[in-house]
Amino acid sequence: MYLIVALTVLEFTADLIVEFNPSLGHWGWDTALKVSGLAIVVVMTLRHTFRPGPVSVHRVMGGVAAYLLIGLTWAFGYKLLMQECPDAIYFQSSFAFAGTPTGLATIPTGEPSRLIYFSFATLTSVSYGDAYPIHRVARSLAMAEALIGQLYPAILIATLVGMTLQARSSEEMGG
């Protein structure tokens, strides 16, 4: 708990420093702190979700929250990559600009809303084709996220069903 509080204060301080002195933002340390903090929150949420005890709606909500946090963590991971390599992910704009061959412009941007969109499109395997990884590291990250997006719901459901069946068999044997 102390680690999360310290990391949150450190990350908030880093955000303020970068907000008032943007020249320090290119190092990516504020984004790296976000990724670290979110990853720790994901692990803590999963530990709480899978602790021994009866399965309730709160556990299911914890599993959903962890899934959403995974997508958000990945989005900031992409942001960290794009701070180093701005063309790592291709984003196609829906705004037509004269002079471009297709009438559509390419916008390489580390803007969080676009990266969150890309992350959840990858996590859920929706992919509308308007954003895709170009850089080899971005492709590797996207592949890992897509695998997690497919495996996590199956593992979550199987684990919660297993915990429920185990609790029922324990009740039947004891009662």
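Cut-off values and rules
Residues numbered from 1 in each chain as written. Predicted model: local features only at pLDDT ≥ 70, side-chain atom pairs only at ≥ 80, totals over all residues. Heavy atoms only, no water. Salt bridge = Lys/Arg side-chain N within 4 Å of Asp/Glu carboxyl O. Helix = DSSP H or I, 4+ residues; strand = E, 2+ residues; numbered from the N terminus. Buried < 20%, exposed > 50% of the residue type's maximum accessible area, 1.4 Å probe, protein only. pLDDT = per-residue confidence, 0-100. Phe/Tyr/Trp six-rings, centres within 6.5 Å; stacked < 30°, edge-to-face > 60°.

Trainee: Is there a simple way to explain the pattern of salt bridges in this structure?
Mentor: This model, assessed by the stated rule, comprises 1 salt bridge. Between Lys34 and Glu11 there is a salt bridge, with its nearest N and O atoms 3.2 Å apart. Linking Lys34 in helix α2 (residues 29–49) with Glu11 in helix α1 (residues 2–20), this pair joins segments that are 23 residues apart in sequence. For Lys34, a relative accessible area of 16% puts it in the buried group. Of the residues examined, Glu11 reaches a relative accessible area of 14% and is grouped as buried.

Trainee: Sorry, what's going on with the confidence of the model for the protein here?
Mentor: Note that predicted coordinates carrying low pLDDT should not be read in detail. When pLDDT is averaged along the protein, the result is 86; 87% of the residues meet or exceed 70. Averaged pLDDT values for the elements of the protein fall to 49 in strand β2 (residues 104–106) and rise to 95 in helix α3 (residues 57–84).

Trainee: Hey, could you run me through the packing of aromatic side chains in this one?
Mentor: The geometry of two aromatic rings is summed up by the distance between their centres and the angle between their planes. Tallying each qualifying case throughout the model produces 5 aromatic pairs. For the pair Tyr78 and Phe118, a centre-to-centre distance of 5.0 Å together with 70° between the ring planes defines the contact as edge-to-face. Placement of Tyr78 in helix α3 and of Phe118 in helix α4 (residues 112–123) is noted, with a sequence separation of 40 residues between them. In this pair, the class of Tyr78 matches that of Phe118, namely buried. Within the aromatic cluster, the residues linked to one another by ring pairs are Tyr78, Phe91 and Phe118.

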